[in-house]
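Structural overview
The lines below spell out each chain.
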Amino acid sequence: MTLRDAATVVLVREAAHGAAGFEVFMLLRTVKSDFNAGAYVFPGGGVDRADGSLDAERLCMGLDAGQANARLGVTGGGLAFYLAAIRECFEEAGVLLAADASGCALSLHDDALQQRFAAHRAALNAGQTTLTAICEREGLRLPLDQVHYYSHWITPEGMPRRYDTRFFLCRAPAGQEPLHDGQETVDHCWVRPADALVRHAAGTFKLVPATRKQLEFLAHQSSLAELLVTVRDIGAVPTILPQLIFGPDGKPRRVRLPLPEGVEEVDLSGVVI
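A short tour of the structure in this document, coming up. (Residues numbered from 1 in each chain as written. Predicted model: local features only at pLDDT ≥ 70, side-chain atom pairs only at ≥ 80, totals over all residues. Heavy atoms only, no water.)

1. Details of the overall build of the protein
- Per the secondary structure count, the protein includes eight helices and 13 strands.
- Here the C-alpha coordinates of the protein stretch approximately 60 × 45 × 35 Å along the principal axes.
- The buried share among the 273 residues of the protein stands at 50%.
- By sequence separation, contacts in the protein at least 24 residues apart represent 63% of the contacts at least 6 residues apart.
- A total accessible area of about 13,000 Å² is found for the protein, and carbon and sulfur atoms account for 51% of it. (Helix = DSSP H or I, 4+ residues; strand = E, 2+ residues; numbered from the N terminus. Buried < 20%, exposed > 50% of the residue type's maximum accessible area, 1.4 Å probe, protein only. Contact = heavy atoms within 4.5 Å. Areas by Shrake-Rupley, 256 points an atom, 1.4 Å probe, with all protein chains shown as cover.)

2. As for the sheet that holds strand 12 (residues 252-259)
- Across the sheet, which stays open at both edges, the three strands sit in the order 11-12-13 with antiparallel pairing between neighbours. Each edge of the open sheet is held by one strand with a lone partner, namely strand 11 (243-246) and strand 13 (262-267). When strand polarity is set aside, the average angle formed by the axes of neighbouring strands in this sheet is 25 degrees.
- As judged from the four bridges shared by strand 11 and strand 12, these two strands associate in the antiparallel manner. Residue pairing for strand 12: Leu244 is matched across the bridge by Val255. (Pairing = 2+ DSSP bridges. Axes fitted to C-alpha atoms, helices over the stretch in contact; angles between N-to-C directions.)

3. Side note on the pairing of strand 13
- Bridge count for strand 12 against strand 13 is six bridges, and the pairing is antiparallel. Bridge pairing in strand 13 places Leu257 opposite Glu264.
- Between strand 12 and strand 13, which pair antiparallel in sequence order, lie two residues.

4. Things to note about the pattern of salt bridges
- Here the structure, examined in full by the defined rule, presents 20 salt bridges.
- Between Glu14 and Arg171 there is a salt bridge, with its nearest N and O atoms 3.9 Å apart. Of this pair, Glu14 sits in strand 1 (residues 3-14) while Arg171 sits in strand 8 (residues 162-171), and the two are 157 residues apart along the sequence.
- Look at the salt bridges and you will find they share partners, linking Arg4, Asp48, Asp51, Arg87, Glu88 and Glu91 into a network. (Salt bridge = Lys/Arg side-chain N within 4 Å of Asp/Glu carboxyl O.)

5. Topic: the nonpolar core
- Tyr82, Leu96, Leu97, Phe117 and Leu142 are the most contacted members of the largest nonpolar core, which totals 46 residues.
- The set of elements that each furnish at least two residues to this core consists of strand 1, strand 2 (22-29), helix 2 (65-72), helix 3 (78-93), helix 4 (111-125), helix 5 (131-138) and strand 8.
- Here the element with the most residues in this core is helix 3; it accounts for eleven residues.
- Discounting residues that sit within four places of it in the chain, Leu96 has contacts with Ile86, Phe90, Leu106, Phe117, Leu131, Ile134, Leu140 and Gln176. (Core = buried A, V, L, I, M, F, W, Y, C linked by side-chain atoms within 4.5 Å.)

6. Some thoughts on the environment of Tyr40
- Tracing the chain through its elements places Tyr40 in strand 3 (residues 40-41).
- A relative accessible area of 10% places Tyr40 in the buried class.
- Remark: the alpha-carbon pair of Tyr40 and Leu257, spanning 217 residues in sequence, is separated by 20 Å.
- Once residues within four sequence positions are removed from consideration, Tyr40 is found in contact with Met26, Leu27, Leu28, Asp187, Cys189, Phe205, Lys206, Leu207 and Thr211.

7. A closer look at the environment of Ile154
- If you trace the backbone, Ile154 turns up in strand 7 (residues 148-154).
- Spatially, the C-alpha atom of Ile154 lies 8.3 Å from that of Leu3, the residues being 151 residues apart in sequence.
- Residues contacting Ile154, with those up to four places away along its chain left out, are Leu3, Arg162, Tyr163, Asp164, Thr239, Ile240, Leu241 and Pro242.

8. Considerations on the packing of aromatic side chains
- Counted according to the given criterion, the structure contains six aromatic pairs.
- Judged by centre distance (3.9 Å) and plane angle (5 degrees), the ring pair of Tyr40 and Phe205 falls under stacked. Remark: Phe205 occurs in the loop between helix 6 (193-201) and helix 7 (209-219) and Tyr40 occurs in strand 3; sequence separation between them is 165 residues.
- Grouped by ring-pair contacts, the aromatic residues Tyr82, Tyr149 and Phe168 constitute a single cluster.
- If you follow Arg166 out to its NZ or CZ, it ends over the ring of Phe81, 5.3 Å from the centre. (Phe/Tyr/Trp six-rings, centres within 6.5 Å; stacked < 30°, edge-to-face > 60°. Lys NZ or Arg CZ within 6 Å of the ring centre and 35° of its normal.)

Right, dumping it as structure tokens:
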């Protein structure tokens, strides 16, 4: 099965209502989905050809093509992963990680702006426009230095779809409120990583193994400030390639995770893969 390049973005914010720590934004995929059905996920999806266009590159600031390639450990096309993360965040969560001409983060502070960008989102999802066209029309740039690459997972062999996925993390802009799309995703929530893991262990919050491992990493960070410093300062990012272990009936029974801290095996009974 051919690997498809993909990008996922973790939006983070300070915990609400005076609670300690920070929260992450998660989307619930519809049970009708043919990938990660019924699971909570971060916004993300495949890298498109337009994500690597020269027009898209001209909108970037804070990181150039050479720096992006070096950060991701690739010989070319690194910027496309960053741009895909931003595009998917807007398509799936309705949050556009962009800045205006003065460098200020985009804020949808009134109803007219909210309605205009909701229309942009709908057109983007329908394939009627591109991220580049939206940014050019609105006079926006893409601050890639605020989008931090920190994890790299490849879907194991044996899966009907396989992705070479780069995980990014960004602080959610204060002037935008994320929202599921009502089609591929049917609900959303802000949740502290540790709370999501507790709910998953109780069987009320389905997660794929890769998402669970992201949450475990995030749960070890004591504050949003610490997290942002940690992901900003990560050096070489290891590639994680899980391995499916099949039973006598030919169905996957366990997944082996070769992690930097050691191999972990997960029983797939009742687990979304």
